[in-house]
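# Structure at a glance
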Amino acid sequence: MKQYLKMDPWNIIEEGFDPQHHEISESIFSIGNGYMGQRANFEETYRGSSLQGSYMAGVYYPDKTRVGWWKNGYPEYFAKVLNSTNWIGINVLIDGETLDLAVCKVKDFVRVLNMKEGTLSRSFIAETPEGKIVKIEALRFISITHKEIGAIRYAVTPLNFNGSISLTPYLDGDVSNKDSNYDEKFWLEVLQEVTPDDAALTIKTKKLDFHVTSVMAYSLLKNGESLMVTPEMIHKEKYVAHQLQLDVQENDQIVLYKYVANVTSRDHDCSQLLSVGRSLLKSAMEIGFQELLHKHLTAWDVKWRESDIVIEGDVAAQQAIRFNIFQLDQTYTGEDDRLNIGPKGFTGEKYGGSTYWDTEAYCLPFYLSTADASIARNLLIYRYKHLEKAKENARKLGFSKGALYPMVTMNGEECHNEWEITFEEIHRNGAIAYAIYNYVNYTGDTAYLGQYGLEVLTEISRFWEERVNYVPAKDQYMILGVTGPNEYENNVNNNWYTNSIAVWTMKYTLEVLNDLQKNEPSLYSDLIEKLHLTKDETSKWSDIIAKMYYPHDEERQIFLQQDGFLDKDLTPVKELDSSNLPLNQQWSWDRILRSAYIKQADVLQGIFTLRDQFDLDTVKRNFDFYEPLTVHESSLSPCVHSILACELGYKEKAYEMYLRTSRLDLDNYNNDTEDGCHTTSMAGTWMSVVHGFGGLRVQNGALCLNPFNPGHWKSFSFKVMFRNSRLKVTVSEHDVTVSNETETSINVNVYGNDYTVNGLSHISINL
Ligand code: BGC
């Protein structure tokens, strides 16, 4: 854990430059707009440790798989989140010396991520080895109204000399990925052009032929007056630049505005990229930096009005929740149904792939409640479109029918290659099925089931049908050789979560079939025909539902994470010396696998997901047993614990877990933020406020709230969209207020009582 950032409700602030923190900050201060994004790399040269990262959503590289021992069934490639053209770069020479914070003396360094406005700024005073002192003020943003455009204002003021300053804005496509499997570079140059007005670079991936074109232009001011300088035009391989040589007097302020348009072959024909890029750039420059920025922050304002969470009386909690919402909103906007939410968003390259079960299990509820229903629907359609590939994946692994969705994917194909995850973490299929239920339950869009949902549910149920193992001696079904959500155990038999979600899927599929047969008989017949669904299959599902085996312990009255779990040494985590943590950095993998320590919620994940099936005593017994054994070394873990702790009235635990999930990256809890932020788990943080402290559920088509104030907060409020209404729920020490911010009236249930909240009015309930 590392706490070096200042507390502030709307900003993330770093004061003072410590190179040791730089890569962590590069992750935390990342900016993006759903279409592209980047780590908070410096504009000027920096030769210290840094992870360069500029990413274009959906542009990836199928890097040839690298494993020690090839196993049949492994995918041929691992899809890398691809570092592409560095378009923020501006080299600065001060009387011939390169401005580089790795060698300069740095004073008054401040880096700010302004979450309200969606900007990244930095200012500092640097003294070069030769003693020249300059002040730098940089501000940049990636426009959310003009998605291809990024803009930078870079100001340089010489503080103790008259002399020369050269500024070189550039585009550099000669970049690499740190996680490249064979130390290979992934880009080839296609085209470069430098004119006095602009500079352009097109690069393409060595495989798959993704083309990315960046076009840049600049304008210059000296002491507020426009300055015309003839640029020197620089070409190198995969690199174009304009070098601007300026004579300066002490205290002159030089401001460079750098504008860049980035376009890709995902959206345009390759032959059009340069002209599209140029015309987007031209119109951005006509709008100008200030006006572009104004439009950008006005759009952010709207986003915040729809999704802000306000926590009064706890600035650490307030800053953290806004940071999580900000990252989610800038990672996925739902405008492009080919995209998804990668575990690191635009903040790093680790993990590869863009889609994990994280999307369905964690992210969907956030987008369901904070955006139009079409956005969550897009996330579902994304999987529907990958159904054929999921069927191919199942065939590849030897199944005669059904679909196994990939653990990690970019395009529907599995691209992860650790056998214990790729082959065994099959619980992901359950999350994808459950998301369909979640979406339909929340939005009431039952038509989705007939249009798309049932096909996916059927193929997943078919997979489970073939994956279970009938044990005649016991007349029971089992699921052998799996990895549950807890990846600190592999190849286990009867992971309780997996068995439960498999059965749940088959039950829900049968329920959807029954409803369709009753309500839309002709659509039902069409689908039965299309899916070739037989009576034998559905009967088999019913048999599996009736005879599934679930490991449990009679004495403690708890579900067992898997067979044999109780044979382990059950010493709680708190009795371990802290030098053992995090286990994944201190222990051998062998020792981790033999231990009872749980990486992330597993049984508790199941209880959280299928909550309606269990009474509160069952929740309590299982929570009390598993929580002390959990190390939360997956970012996806604390949020589930926080939500269940709220329901159990465990104030301190709920709050502790909330801080852990929400400040995971800001405080670097797991000592890995330099690789990138844990973007998908941020949706879990949002859930811990809205579903945990707010107690939000949807039951029988009604929004139900059971708010719980953790005690550290004067009040908290959150917004949710539900069936054409937007509500603001405020929970203070004395009352709960539900305000309807839209005109459509809505029924809500608060602490078990029904209320109608008319349009543009509110209800208050005393506590
Ligand atoms: C977790 C997985 C998760 C992945 C990506 C892993 O550490 O164990 O459940 O899908 O990270 O977030």
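Residues numbered from 1 in each chain as written. Predicted model: local features only at pLDDT ≥ 70, side-chain atom pairs only at ≥ 80, totals over all residues. Heavy atoms only, no water.

In the annotation of an unreviewed UniProt entry, the chain is listed under the name Maltose phosphorylase and assigned to Paenibacillus glacialis.

Surveying the vicinity of the ligand reveals the residues Pro343, Tyr351, Tyr356, Trp357, Asp358, Glu487, Lys599, Gln600, Ser634 and Leu636. The separation between an oxygen atom of the ligand and a polar side-chain atom of tyrosine 351 is 3.3 Å. At a separation of 2.8 Å, an oxygen atom of the ligand approaches a polar side-chain atom of lysine 599. When the ligand sits alone it has 310 Å² of accessible area, and the protein chains cover 93% of it. (Near = heavy atom within 4 Å. Polar contact = N/O pair within 3.5 Å; in protein donor to acceptor, adjacent residues only side chain to side chain. Areas by Shrake-Rupley, 256 points an atom, 1.4 Å probe, with all protein chains shown as cover.)

According to UniProt, the feature "active site" (unreviewed entry) maps to Glu487 in the numbering used here. Relative to the assigned elements, glutamate 487 resides in the loop between β23 (476-478) and α11 (496-519). If we ignore the near neighbours within four places in the chain, the residues touching glutamate 487 are Met407, Ile421, Glu425, Trp589 and Lys599. (UniProt positions renumbered as here; feature names shortened; annotations may be inferred. Helix = DSSP H or I, 4+ residues; strand = E, 2+ residues; numbered from the N terminus. Contact = heavy atoms within 4.5 Å.)

A few words now on the side chain of serine 164. Note that serine 164 resides in strand β13 (residues 163-172). When neighbours within four sequence positions are excluded, serine 164 is seen to be in contact with Leu93, Ile94, Asp95, Gln245, Leu246, Asp247 and Val248.

Turning our attention to the environment of serine 539. Locating serine 539 in the fold gives a position in helix α13 (residues 535-547). Taking relative accessible area as the criterion, serine 539 reaches 39% and is therefore assigned partly exposed. Residues serine 539 and leucine 510, 29 residues apart in the sequence, show an inter-C-alpha distance of 9.7 Å. Among the polar contacts made by the side chain of serine 539, one reaches the main-chain carbonyl oxygen of lysine 535 at a distance of 2.7 Å. (Buried < 20%, exposed > 50% of the residue type's maximum accessible area, 1.4 Å probe, protein only.)

Moving on, we come to the sheet that holds strand β3 (residues 31-32). Here we have four strands laid out as an open sheet, ordered β3-β4-β5-β6, and antiparallel in their pairing. Only two strands of the sheet have a single neighbouring strand rather than two, namely β3 and β6 (77-83). With six bridges joining them, strand β5 (residues 54-64) and β6 adopt antiparallel strand pairing. Residue tyrosine 60 lies in a different strand from β6, and its bridge partner there is valine 81. (Pairing = 2+ DSSP bridges.)

Next up on the list: the packing of helix α18 (residues 638-648) against helix α20 (residues 679-693). Two numbers describe how α18 lies on α20: the axes approach to 9 Å, and their chain directions differ by 5°. One element, α18, and the other, α20, form an angle in the roughly parallel class. Taking contact as the criterion, the partners of Cys639, Ser642, Ile643 and Cys646 in α18 are, on α20, Gly684, Thr685, Met687, Ser688, His691, Gly692 and Phe693. Looking at the contact of α18 with α20 residue by residue, the classes come out as five nonpolar, six polar and no charged. (Axes fitted to C-alpha atoms, helices over the stretch in contact; angles between N-to-C directions. Parallel < 35°, antiparallel > 145°, perpendicular 65-115°, else oblique. Nonpolar A, V, L, I, M, F, W, Y, C, P; charged D, E, K, R; others polar.)

Turning our attention to the sheet that holds strand β31 (residues 746-750). Taken together, four strands build an open sheet; the order of strands is β26-β27-β31-β32 and the sheet is mixed. On the outer flanks of this sheet lie β26 (697-699) and β32 (753-757), each paired with one strand and no other. Mean inter-strand twist for the sheet, computed between neighbouring axes without regard to direction, equals 35°. Where strand β27 (residues 702-705) meets β31, three bridges bridge the pair, whose relative direction is parallel. Looking at β31, one finds that cysteine 704 is bridged to asparagine 749.

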